[in-house]
Amino acid sequence: MTGTPATLELPLLPLKNVVLFPHMIVPLYVGRDRSIKALDRAMANGKQIFLCTQRRADCEEPEEPDLYRVGVLAQVVQMLRLPDGTIKVLIEGSTRAVIERFIGAEPHLAVEVAKLEEDLDPSSELEALMRGVVALFDRYVELDKKVPPEVNLTVRGVEDAGRVADIVAANLGVGVTDKQDLLETFQMNARLEKLTSLLQREIEILDMDRSIRQRVRQQIDRRQKEFYLKEQMRVIQEELGGEDAQLSELDELREKVRTLELAQAVEERLLKDIDRLERMPPGSPEISVLHNYLDLVVSLPWHVSSEDVTDLRAAEKVLDEDHHGLTKVKERILEFLAVRQLTKSPKGPILCFIGPPGVGKTSLGRSIARALGRQFVRASLGGVSDEAEIRGHRRTYVGSMPGRIIKGLREAGTRNPVFLLDEIDKMSSDFRGDPASAMLEVLDPEQNKHFSDHYLEIPFDLSEVLFITTANVYYSIPRPLLDRMEVINLPGYTSDEKMVIAREFLVPKQLKEHGLTAKNIEFPKPALSTIILRYTSEAGVRNLDRSIAGVCRKIAREVVSGKTRRVMVTPARLDDLLGPPRYKPDEGHKEPLIGVANGLAWTEVGGVLLTIEVITMPGKGNMNLTGQLGDVMQESARAAMSYARSNAEALGIPVDFRDKLDLHVHIPKGAIPKDGPSAGISMALAIISALSQRPIRSDVALTGEITLRGRVLPIGGLKEKVLAAHRIGITTIVLPEDNEPDVADVPPDIRKKLTFKFVKTMDEVIAEALLAKSDTVLLPQPPEAIEVEEVAAANADDARRPEPLNQPSL
């Protein structure tokens, strides 16, 4: 190898993990700033560039000490700029060169290089070395599938020893250091000797790798063969009646069955099932059925129980943290804990929460489980019409499975969880059976100690489970099932209770869920009161929660957009945040009117004012009833009419009015169905007022059932009705005397603001509410139209009537 004194000044392109050899064409991706500028310089000056390899690949800005001195002069064949800013360049090496000195580092590396021309001296030794390299490269290509076979053909067609060495070195899978050593070996014989040594080393490594792979494949084949032979041996042993093969999984099942401490007969039957499973042929479809059954048996909590919380104060604190009010329910749970401590009896009560949607029945069950320190399981019974959903399917059916009770206990992992049976009033029956009848065994404390699931076929003790059922109404629950449960009524929340729930529970929850804090938004009481009264009409707080969430979403968007930092939600701004109000509060009339009485109704969303209007007109004694009145309410109107006719002379009513007048009884909001007997005295008073032309006090509201003899009978839903009267501004309420004990349910602060008149007969009602005859006759004004009416049944039937099968009041 002889060098020429000619030198060139060229831009330098440093390479990472790549060694370029002469006569090689390689694609490169260039992304470093200085390298891109070096390429631009090369394209501007004849496309010639010098390439050398970095000593360390992790060096992003290489300097003189970081680069090898020997590299390759190359020509830029093609350059393409990519959208991400990098450059794809195709470079062809031409000849070796060595760096004489570095010229500069900015804006790119520039060097002065000297070409190294090859001076070949053909000899027999050189020819022998070249042939040996070609032969070894043939073997290397055969072993290494990464090298294309076309390269081997190219090597065989080249006669120049230097070019053969460079092609082989470029396709050899060795490290950068070994390739750089070959590039820097200028003496041809020495270069071929090093290349021979590298080829022999790589061939040995590839041979060893192939041998290892073959041994691994042989081992896998041997294991598959052993498995096949073992299966054959097991089948042969079964055919010969010899000793059964012992399977570890079945042994584990046997041990678990023995530790369950079941009855001896049950244990023996289960062990026989395991033996039968062991003898079954592998393809039998019964294997999965029997295996699933045994897995269920050993996974049930036969003797696993959780410890109940014994600290009554801690349990009471947990209940208060999750729910506001609901005093009766909380007292019942604390009573259960107290009795449990005194008697040490594991028997759990069976409670039934009945109330309108959204009052917290389901969440209360979860809170009770947390207060007791028990596991919580929920099963929704809405729409269930198959008895097998409760008792399970018999194992003779394909796809059989246990019932929801057993599955829930397996999920809980204990035998004494709190088990919530949601929507028990919405079960139905068809040709597949009656699930409500199946629930009789589950919820009967005398029977559920030995509950039998059709799939399990082993009695399971449910006496320690605390069952809680939920329902919306009484009448759809079968009487035998209702008789087995301790019913606790959950009435709708009052406006004051909703205010407390919103401030203490709903607002903090929604602020957390929407990533807001008190620094971003504030809900004052007037705004919450407006949302409660004008944007929701419900017994629970679900729509109230959604409305607060809607406000939070709007504010969150403003905060993220940078429009505001802190918002005070005022009633005036609710129109922008939630739209126009959906409901208009009830408003009573302000002056005494003839034929207009203020009745009170109970609905699922609370108490409401029930305005009863009666007018007279010339006719022949007919009575017209409008306002979508139910059968019971129509009967009450006829009873009131009969009372007025039978006592016409005493009431100051013309005795012959039936021959001259027709009556029209109307209760506004005709789109809402109304029913129940509690509007009896209100309708009687309005009829008497219209016939006697005596006005009725506008500050008095009435509720009570009337008889033909004028007796006033008790009604239900008193608390909600009283709160509705107070909300409207009525100060005097006429109630049946038998309802006097129920006034204790009304909050004390509201009781102080109202006057209660307890009556036994219609004469007392007239004395309290009917004014003297006036010269000025005031006729009822037509009711103001309301844009959005609540479509719900509304009137005051007895919410606690002992006969739940009657048509309910809504």
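The shown structure was predicted, so the numbers you read here are calculated from the model rather than taken from an experiment.

Engineer: Report on the side chain of asparagine 739, specifying residues and quantitative values.
Structural biologist: When you line up the elements, asparagine 739 lands in the loop between strand E23 (732-736) and helix H26 (748-751). At a separation of 2.9 Å, a polar atom in the side chain of asparagine 739 contacts the main-chain carbonyl oxygen of isoleucine 715. Not counting residues within four places of it along the chain, the set of residues in contact with asparagine 739 comprises Pro714, Ile715 and Leu718.

Engineer: For the environment of arginine 69, give the residues involved together with the corresponding values.
Structural biologist: Relative to the elements of secondary structure, arginine 69 occurs in the loop between strand E3 (48-53) and strand E4 (70-81). Once the C-alpha coordinates of arginine 69 and threonine 53 are considered, the two residues, 16 residues apart in sequence, prove to be 8.7 Å apart. A polar contact of 3.3 Å, which involves the side chain of arginine 69, links it to the side chain of glutamate 64. Here the side chain of arginine 69 touches isoleucine 99 through a polar contact of 3.0 Å, landing on its backbone oxygen.

Engineer: Talk me through the pattern of salt bridges; I want residue IDs and the actual numbers.
Structural biologist: Counted under the stated rule, the structure contains 41 salt bridges. The residue aspartate 58 makes a salt bridge to arginine 56 at a minimum N-O spacing of 2.8 Å. The class of aspartate 58 is exposed, set by a relative accessible area of 57%. Of the residues examined, arginine 56 reaches a relative accessible area of 45% and is grouped as partly exposed. Glutamate 321 is the partner of arginine 370 in a salt bridge, and the nearest nitrogen-oxygen pair spans 3.5 Å. Here the residue arginine 370 occupies a position in helix H12 (residues 361-372), and glutamate 321 occupies one in helix H10 (residues 312-322), the gap between them amounting to 49 residues. Residue glutamate 321 is classed as partly exposed on the basis of its relative accessible area, which comes to 43%.

Engineer: Can you break down the confidence of the model for the chain residue by residue, with the values?
Structural biologist: When the pLDDT values of the chain are averaged, the result is 81; 90% of them are 70 or greater. Note on residues 242-246: pLDDT is under 50 here. Beyond four places in sequence and across chains, it has 9 contacts. Scored below 50 in pLDDT, residues 775-810 shows 92 contacts in the model against residues more than four places distant or in partner chains.

Engineer: Quick rundown of the sheet that holds strand E10 (residues 466-471)? Include the residues and the values.
Structural biologist: Spatially, the 5 strands line up as an open sheet ordered E8-E9-E10-E7-E11, and their pairing is parallel. The sheet is open, and its two borders are formed by strand E8 (376-380) and strand E11 (486-489), each paired with just one other strand. On average, adjacent strands in this sheet sit at an angle of 20° to one another, irrespective of strand direction. In this sheet, E11 lies alongside strand E7 (residues 350-354) in parallel orientation, the contact comprising 4 bridges. Bridge pairing links phenylalanine 353 to isoleucine 488 in E11. Together, E7, E8, strand E9 (418-422) and E10 form the strand contacts of H12, whose direction differs from that of E10 by roughly 165°. Packing against the sheet, helix H14 (residues 404-412) makes contact with E8 and E9, and its axis sits at approximately 140° to E9.

Rules behind the numbers
- Residues numbered from 1 in each chain as written.
- Predicted model: local features only at pLDDT ≥ 70, side-chain atom pairs only at ≥ 80, totals over all residues.
- Heavy atoms only, no water.
- Helix = DSSP H or I, 4+ residues; strand = E, 2+ residues; numbered from the N terminus.
- Polar contact = N/O pair within 3.5 Å; in protein donor to acceptor, adjacent residues only side chain to side chain.
- Contact = heavy atoms within 4.5 Å.
- Salt bridge = Lys/Arg side-chain N within 4 Å of Asp/Glu carboxyl O.
- Buried < 20%, exposed > 50% of the residue type's maximum accessible area, 1.4 Å probe, protein only.
- pLDDT = per-residue confidence, 0-100.
- Pairing = 2+ DSSP bridges.
- Axes fitted to C-alpha atoms, helices over the stretch in contact; angles between N-to-C directions.

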